[in-house]
Amino acid sequence: MIFEKIWGYIKKFFSNRKRNIVLIIVLCLLVIDLVLGLISRVIIAGLPDQLGASRWEYDGKVAQVSVFFTEDREITPSEIRKLEYTMELELQKAGVMPDVEEDTQSDGKEIVDTIDIGHENTPKEEEASAISDLYNSCYSAQGLSTLSFENKNAENVDTIGVDGDFFFFHPMELVAGSYFMPDDVMKDKIVIDEQLAWELFGSNDIIGQCVTIGGINHYVSGVVKRQEGKLKDAAGLSKSIVYMSYDSLSRYGEILSGKTSQVDLSEDGSKANIGGINCYEAVMPSPVDGIAAQIIKTSSGYDDQYITVVDNSDRFSFFKLWEVSRNFGKRSMWDKPIFYPYWENLARGYEDILALLNLVRTVCVVVISVILAVLVVLAYRNKKWTVRGIVNYLADKKYDFESDRQKKLLQKQNNDK
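Here's a quick rundown of the structure. In this text the structure is predicted, and so the values were computed from the model without any measurement.

A regular strand places its side chains on the two faces of the sheet in alternate fashion. Taken across its 14 residues, strand S2 (residues 136-149) has 13 buried, putting it largely inside the fold. With five bridges joining them, S2 and strand S12 (residues 279-285) adopt antiparallel strand pairing. Paired with Cys138 across the two strands is Glu281, which belongs to S12. Bridge analysis of S2 against strand S3 (residues 152-164) gives 11 bridges, and the strand direction is antiparallel. Bridged to Leu147 within S3 is Ala154. Turn length for the S2-S3 hairpin, with the two strands adjacent in sequence and antiparallel, is two residues, and the turn residue Glu150 shows positive phi of about 55°.

Next up on the list: the nonpolar core. Phe69, Met87, Leu147, Ile190, Ile192 and Tyr280 are the most contacted members of the largest nonpolar core, which has 44 residues in total. If we ignore the near neighbours within four places in the chain, the residues touching Ile192 are Leu147, Ala197, Phe201, Ile206, Val220, Gly222, Val223, Val224, Ile241 and Val242. Within the second largest apolar cluster, 26 residues are counted, among which are Ala53, Phe68, Val191 and Ile338.

Before going further, it helps to examine the state of the cysteines. Using the criterion set out here, one finds zero disulfides in the structure. Of all cysteine sulfurs in the structure, the one in Cys138 sits closest to Cys279, which takes part in no disulfide; the separation is 6.4 Å.

Together, Ile32, Phe318, Phe319, Trp322, Leu356, Leu359, Val360, Val363 and Val367 line one region of the surface with nonpolar side chains, adding up to about 780 Å² of accessible area. Elements supplying a minimum of two residues to the nonpolar patch: helix H11 (318-326) and helix H12 (342-381). Tracing the backbone shows Val363 in helix H12. On the basis of relative accessibility, which here comes to 46%, the residue Val363 falls in the partly exposed class.

What follows deals with the packing of aromatic side chains. For the structure shown, the criterion picks out 15 aromatic pairs. A ring pair is formed by Phe166 and Phe167, whose centres lie 5.2 Å apart and whose planes are at 85°; its orientation type is edge-to-face. Relative to Tyr306, the ring of Tyr302 lies with its centre 6.3 Å away and its plane at 70°, an arrangement referred to as edge-to-face. Ring-pair connections join several aromatic residues into one group, and the members of that group are Phe166, Phe167, Tyr179, Phe180, Tyr243, Tyr342 and Trp343. The side chain of Arg55 reaches across the aromatic face of Phe168, ending 5.4 Å from its centre. The lysine or arginine in question, Arg73, covers the ring of Tyr306, its NZ or CZ lying 4.1 Å from the ring centre.

A word on the pattern of salt bridges. In this structure the tally under the stated criterion is 14 salt bridges. Between Arg226 and Asp193 there is a salt bridge, with the nearest N and O atoms lying 3.6 Å from each other. With Arg226 in the loop between strand S7 (216-224) and helix H8 (230-237) and Asp193 in strand S5 (residues 189-193), this residue pair connects regions lying 33 residues apart in the sequence. Across the pair, exposure class does not vary: Arg226 and Asp193 are buried alike. With a shortest N-O distance of 2.3 Å, Asp264 and Lys271 are connected by a salt bridge. Accessibility expressed as a relative area gives 56% for Asp264, which makes it exposed. Note on Lys271: relative accessible area 39%, which makes it partly exposed. Ionic contacts of the salt-bridge type, sharing partners, join the residues Arg315, Glu344 and Glu351 into one network.

How each quantity is defined
Residues numbered from 1 in each chain as written. Predicted model: local features only at pLDDT ≥ 70, side-chain atom pairs only at ≥ 80, totals over all residues. Heavy atoms only, no water. Buried < 20%, exposed > 50% of the residue type's maximum accessible area, 1.4 Å probe, protein only. Helix = DSSP H or I, 4+ residues; strand = E, 2+ residues; numbered from the N terminus. Pairing = 2+ DSSP bridges. Core = buried A, V, L, I, M, F, W, Y, C linked by side-chain atoms within 4.5 Å. Contact = heavy atoms within 4.5 Å. Disulfide = S-S within 2.5 Å. Patch = residues over 30% accessible without salt bridge, like charges linked within 9 Å, V, L, I, M, F, W, Y side chains within 5 Å. Areas by Shrake-Rupley, 256 points an atom, 1.4 Å probe, with all protein chains shown as cover. Salt bridge = Lys/Arg side-chain N within 4 Å of Asp/Glu carboxyl O. Phe/Tyr/Trp six-rings, centres within 6.5 Å; stacked < 30°, edge-to-face > 60°. Lys NZ or Arg CZ within 6 Å of the ring centre and 35° of its normal.

Written out as structure tokens, the structure reads:
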């Protein structure tokens, strides 16, 4: 009986053709919103370079932040250490990190005033405090290098010189071998992509093979798969790439991503071009939204005209994507000479796509909300009920329920006798 009544109500409700058309429109908009939402999540999940915060093990809120320097700034490893030293002090002031012992601060100050290549003058392990365990970072520079193996040469290969935990932020798919680590004593390991491996060796099973870069031996630590696709090619992945230490790039390659200066390394006349670091990345505690990006920006010591700070953890949120949509057209007008690495170019490309999807989803939700609001208004205007009638109806139902309950109770008592 109850099901028959429900079915009758359903048939009556859907007997109105105009109402059915409106409901179909609402249903289609809901499906579009759900499908575009799923596509957006798939795109974001396919950008591991932007998801370092989700991989960092920390009991609290974490943010990933990237800083890109303009090409007219000479950013050296010493500048990066100054940034991190100031950043640690700012995090202590914000109550995120514990205070540092005085001798650690003194050592840190000494590091800040040192200019070198790579890690020659970094603090001793026994002097490292709990502070460095609460954040992770890396920096990189882009340039060119020439690799030689026997009688084969790969000239002017796109090269990324890195320091710090670079492969934590950029977990590329390994075909063979492994990444080189930031704490490796020798800075002579490289990671190359599969295409370059086949070009030089005719195979990708080449772990431990030796190539010469600038006449110096380097050893293949790993082979990675290069991402393919039109957008990825446009971002800078259309050619082979080799990853090496920043120290090796500065000594044996050519840095293109920023201003450099030449320094003498030893009395034998060996030199290196330091500087050119254009990307610094960190994952760190961020108890308040945006505080990590603000701390790093302040710690860099540069004005907005020389840097761009990106909060990777927040860049694909609704409001950030809405801001991208609002700046449509103007977004392509870039007034800062920044040599963006391929992963940032790729993120910016997908940022535009996600902003468009976000805009369409917003339109769908707005239209659905308007339709539902109109239906509610029409239903209220054409109502055949009153508030008093509903109250009386509910009161009657309550009375009937209590009466039935009382009858059943009396019947049970009589049966027990």
